[in-house]
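Here is how the chains run, residue by residue.
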Amino acid sequence: MRTVKIVAASALMAAALYGCSSRSEAQAPPAPSVTVAVPLVQAVQDWDEFTGRFEATQSVEVRARVGGYISGVHFRDGDYVRRGQLLFTLDPRPAQAALASARAQLSQAQAQLTLAQSELERAETLLESQAVSQAEVDTRRGALQTAQAAIAAANANVRTRQLDLEFTRVTAPISGRVSDRRVDAGNLVAGGSSAADVLTTVVSSAPIHFVFDGSEAVLLKYQRQARQGAAPIQVRLQDETGFSRSGTLDFTDNAVDTSSGVIRLRALIPNADGFLKPGMFGQARLAGAGTYDAMLVPDAAIATDQARRIVYVVAADGSVAPKPVQLGPLVDGLRVIRGGLERTDRVIINGVQRIQQPGMKVQARNGQIRPVAREAQVPVTTAAPASTATFANSLSSGD
């Protein structure tokens, strides 16, 4: 009986010791595993980004310069037309009749001139023999000058009527893409003024303008940098991931809009294939400054601590410490760190979600930060107030 009690007591003590050991192991789990790497250091260039709209370098509303009936339409809606290409014809018969009348008036004026010349010569001959007075000669000379003026007026009238006949052929004023016809053959249209009927419109297609607004702060920034010449610009459409279209900034407006605090800017973009259309939206970016060496870390390595942005670094003993950082733009899929981090810091780039509190210990595995493939990312640039840009006109003067 005594032996049984001793065995039972030993079993109870062993169970108690095992329970204490299990609770101790539960309270001290193994350190989480994370991947660390030193920041990637490489030369980068900041870009300033804008949203703008494409506009044609030339846009013309086609109107007839004389009124009349439309007798023919000589293009297909949406065609590419060249300058001088025939678009519409008006009934030329009224203009032809007016030209014939003007030429008849010219012939009459020429006959009057011939008569006036003959009468003046006859009067001058008679004046030598005192057969006529000097007043008569002066009268004949005045009649000749009047006939000469009538000839000039008749010639001007003929040229006017010739122009009216020429204007019955409405041609493309510029090369570009024509819109649809606004009137069909058989309609009577007014012409000869800015209030005349619009027959169609033509917009140039290559090159094309990209127009956007820049903030006054950015204007000051770039003017103080005194950048010279036309600044390069890169543009992408809303469904594109890369800035594949390049151009130059060729115009800066001459005043800042006092109501909005922005200034209008314009870039010239090649458009040989005519793919870009006026009215399209796009995003553009301009180089904000020269290249500089920057530290980059994955965007996923950045955490938020209230209003601060932080990264976690691992010390030599495996303890974790947060470091507040100042962020820059994304470059090749990595975030630029402007301040708060050293080049030798081991930053947690994988497993940040396992960090429960500062000072905890982790098992750090060494990794490496690599740029993201350019074709697999959407470029993101510095968010600027309103807009940012280089200013071609104002900077070329060295202000």
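Note that the structure is predicted; figures quoted are calculated from it, not measured.

Structural notes on the overall build of the chain
- Helix and strand counts for the chain stand at 5 helices and 24 strands.
- Looking at the chain as a whole, 36% of its 399 residues are labelled buried.
- Partitioning the contacts of the chain with sequence separation of at least 6, the portion at a separation of at least 24 is 78%.
- Here the chain displays about 22,600 Å² of accessible surface, and carbon together with sulfur accounts for 51% of that area.

Observations concerning the packing of aromatic side chains
- Inspection of the entire model under this criterion finds 4 aromatic pairs.
- Their ring planes at 35 degrees and their centres at 4.5 Å tell us that F50 and F212 sit as a pair that is tilted. Taken together, the residues span a long stretch of sequence, with F50 in strand β3 (residues 47-56) and F212 in strand β12 (residues 208-215) at a distance of 162 residues. For the residue pair F50 and F212, the accessibility class agrees, reading buried in each case.
- Each residue in the set F50, F54, F210 and F212 is aromatic and connected to the rest through ring pairs, giving one cluster.

Description of the pattern of salt bridges
- Inspection of every chain in the model, using the stated rule, returns 17 salt bridges.
- Among the salt bridges present, the one from R335 reaches D299, with a minimum N-O distance of 3.1 Å. With R335 in strand β22 (residues 334-339) and D299 in the loop between β17 (292-298) and β18 (303-305), this pair connects stretches of sequence that are 36 residues apart.
- For R335, a relative accessible area of 16% gives the class buried.

Re the packing of helix α2 (residues 93-128) against helix α3 (residues 134-166)
- α3 packs onto α2 with a crossing angle of 165 degrees between their chain directions and a minimal axis gap of 8 Å. The angle between α2 and α3 places the two elements in the roughly antiparallel class. Crossing handedness for the pair α2 and α3: left-handed.
- The class makeup of the residues in the contact of α2 with α3 is 20 nonpolar, 10 polar and 7 charged.

Some details on the sheet that holds strand β10 (residues 188-189)
- Read from one edge of the open sheet, 4 strands run β8-β7-β5-β10, paired in antiparallel fashion. Where the open sheet ends on each side, the last strands, each with one partner, are β8 (169-171) and β10.
- Bridge analysis of strand β5 (residues 68-73) against strand β7 (residues 86-90) gives 3 bridges, and the strand direction is antiparallel. Across the sheet, residue G72 finds its bridge partner in β7, namely T89.

Here we look at unusual backbone geometry
- Residue A206 is joined to P207 through a cis peptide bond whose omega torsion reads -5 degrees.
- Mapped onto the elements of the fold, P207 is located in the loop between β11 (198-203) and β12.

Some points on α2
- An ideal rise of 1.5 Å per residue puts 52 Å on 36 residues; α2 measures up with 54 Å between its terminal C-alpha atoms.
- Summarising the contacts, the buried residues of α2 are in contact with α3.
- Once α2 finishes, Q130 follows within two positions and takes phi at roughly 60 degrees, a positive value.

Some points on the sheet that holds β22
- Taken in spatial order, the 4 strands line up as β2-β17-β22-β21 in an open sheet, and their pairing is antiparallel. The strands lining the two open edges of the sheet, one partner per strand, are β2 (40-44) and β21 (326-331). Mean inter-strand twist for the sheet, computed between neighbouring axes without regard to direction, equals 45 degrees.
- Relative to β17, β2 runs antiparallel, the two sharing 5 bridges. Residue pairing across strands places A43 opposite D293, the latter belonging to β17.

Regarding the pairing of β5
- Where β5 lies against β10, 2 bridges are found, and the strand directions are antiparallel. Considered in β10, the bridge of Y69 is made with L188.

Re the nonpolar core
- Counting residues in each nonpolar core, the largest one holds 20 residues, and the members touching the most others are L296, V297, V311, I337, L341, V347 and I369.
- Looking at this core, the elements with two or more residues in it are β2, β17, β19 (308-314), β22 and β23 (347-350).
- Per element, the largest residue contribution to this core is 4 residues, and it comes from β17.
- Discounting residues that sit within four places of it in the chain, V311 has contacts with A301, I302, A321, P322, K323, V325, L341 and V347.

Description of α3
- Counted at 1.5 Å a residue, the expected span for α3 with its 33 residues is 48 Å, and the 48 Å between its end C-alpha atoms agrees.
- V137, L144, A147, I151, A154 and V158 are the residues of α3 that are buried.
- Packed against the buried residues of α3 are α2.

Looking at the confidence of the model for the chain
- Across the chain, the average pLDDT comes to 83, with 84% of residues at 70 or higher.
- Confidence drops under pLDDT 50 across residues 1-8; counting only partners more than four residues distant or on other chains, this segment forms 0 contacts.
- Here residues 375-399 scores under 50 on pLDDT; set against residues more than four positions off or in separate chains, the count is 85 contacts.

What counts, and at which threshold
Residue positions are given per chain, counted from 1 along the sequence in the order it is written. Given that the model is predicted, a residue must reach a pLDDT of at least 70 before its local features are reported, and side-chain atom pairs must reach 80 or more before they are shown or counted; all residues, however, enter totals for whole chains, interfaces and linings. Each side-chain value is worked out from all heavy atoms of the structure, with water and hydrogens disregarded. Secondary structure follows DSSP: runs of H or I at least 4 residues long count as helices, runs of E at least 2 residues long count as strands, and numbering of each begins at the N terminus. When accessible area is computed with a 1.4 Å probe and restricted to protein chains, residues below 20% of their type maximum are described as buried, those above 50% as exposed, and intermediate ones as partly exposed. Here, two residues are considered to be in contact whenever any of their heavy atoms come within 4.5 Å of each other. Exposure was quantified through the Shrake-Rupley algorithm and a 1.4 Å probe, taking into account, for residues, occlusion by the shown protein chains and nothing else. Note on ring pairs: Phe, Tyr and Trp rings are taken, using the six-membered ring of Trp, and paired if centres are within 6.5 Å. Classes follow the plane angle, with under 30 degrees stacked, over 60 edge-to-face and the rest tilted. Between Lys or Arg on one side and Asp or Glu on the other, a salt bridge is scored when a side-chain nitrogen of the former is within 4 Å of a carboxyl oxygen of the latter. Only the stretch in contact is used when a helix axis is fitted, and all axes are lines through C-alpha atoms; the angle between N-to-C directions ranges over 0 to 180 degrees. Just so you know how the angles are binned, under 35 degrees is roughly parallel, over 145 roughly antiparallel, 65 to 115 roughly perpendicular, and the rest oblique. Handedness of a crossing follows from how the near helix is turned relative to the far one, being left-handed for an anticlockwise turn of less than a right angle and right-handed for a clockwise one. Just so you know the grouping, Ala, Val, Leu, Ile, Met, Phe, Trp, Tyr, Cys and Pro go in nonpolar, Asp, Glu, Lys and Arg go in charged, and all remaining residues, Gly too, go in polar. Here, strands pair whenever DSSP counts at least two bridges between them. Multiplying 1.5 Å by the residue count of a helix minus one yields the expected span of that helix. Only buried residues count toward a nonpolar core. Its members are Ala, Val, Leu, Ile, Met, Phe, Trp, Tyr and Cys residues joined through side-chain atoms within 4.5 Å. Note on scores: pLDDT gives the predictor's confidence for each residue, bounded by 0 and 100.

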